[in-house]
Amino acid sequence: METDCNPMELSSMSGYEENAELNGFEGTDMKDMRLEAEAVVNDVLFAVNTMFVSKALRCADDVAYINVETRERNRYCLELTEAGLKIVGYAFDQVDDHLQSPYHETVYSLLDTLSPAYREAFGNALLQRLEALKRDGQS
């Protein structure tokens, strides 16, 4: 999964190397998938009925589970790992080990394939932002 990094923010990360050793990571790029999952939820919550990190399924450094209900009222349980997101169940907090579904690099790609209403809401939000930028540029 790609992460955008603003070069100006790098200076605020000074001391990371020293603190990493104290945390036992010694410079490895460990991610807390629960934090990643919360960021995913906050990013697209506006375009779905409901979305939240599962409290029933165990999250770890390398995996988290997200429950989502699309605007079409379809429910999914998603698995988030370094490989991306994939559907692991068709109900909240459900993991079907026999379910074979592809990984998606982004939540946008996954929801785009699942929900036409998501696609419409995302497009409308994008249009509103562009119109706001245009208004700001004219004033």
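Before reading on, note that the structure itself is shown above.
Residues numbered from 1 in each chain as written. Predicted model: local features only at pLDDT ≥ 70, side-chain atom pairs only at ≥ 80, totals over all residues. Heavy atoms only, no water.

Novice: Help me understand the pairing of strand S1 (residues 50-53), please; the structure alone is not making it clear to me.
Specialist: The side chains of a regular strand alternate between both faces of the sheet. Going residue by residue along S1, you find Met 51 and Val 53 tucked away on one face and Thr 50 and Phe 52 left uncovered on the opposite face. With four bridges connecting them, S1 and strand S2 (residues 64-69) associate as antiparallel partners. Counted as the bridge partner of Met 51 is Val 68 from S2. (Buried < 20%, exposed > 50% of the residue type's maximum accessible area, 1.4 Å probe, protein only. Helix = DSSP H or I, 4+ residues; strand = E, 2+ residues; numbered from the N terminus. Pairing = 2+ DSSP bridges.)

Novice: What am I meant to see in the environment of Asp 96 here?
Specialist: Structurally, Asp 96 can be placed in the loop between strand S4 (84-89) and helix H3 (107-114). It is 9.5 Å that separates the C-alpha atoms of Asp 96 and Cys 77, two residues lying 19 residues apart in sequence.

Novice: Help me understand the pattern of salt bridges in this model?
Specialist: Pairing between side chains becomes possible if they bear opposite charge and their charged atoms approach one another. Going through the model one piece at a time under the given rule, you end up with three salt bridges. Residue Glu 69 pairs with Arg 73 through a salt bridge whose shortest N-O separation is 3.6 Å. Residue classification places Glu 69 among the buried positions, given a relative accessible area of 11%. Overlapping salt bridges, with partners in common, bring together Glu 69, Arg 73 and Arg 75 in one network. (Salt bridge = Lys/Arg side-chain N within 4 Å of Asp/Glu carboxyl O.)

Novice: Sorry if this is basic, but what is going on with the nonpolar core here?
Specialist: Note that soluble globular proteins tend to have their nonpolar side chains buried in a common cluster. Of all hydrophobic cores here, the largest spans 24 residues; its most connected members are Met 51, Ile 66, Val 68, Leu 78, Ile 87, Val 107 and Leu 111. Secondary-structure elements contributing two or more residues to this core are helix H2 (33-44), S1, S2, strand S3 (75-81), S4, H3 and helix H4 (116-138). Setting aside chain neighbours within four positions, we find Leu 111 in contact with Val 44, Val 48, Val 68 and Tyr 118. Core analysis: the second largest hydrophobic core is formed by six residues, Leu 57, Val 63, Cys 77 and Val 88 among them. (Core = buried A, V, L, I, M, F, W, Y, C linked by side-chain atoms within 4.5 Å. Contact = heavy atoms within 4.5 Å.)

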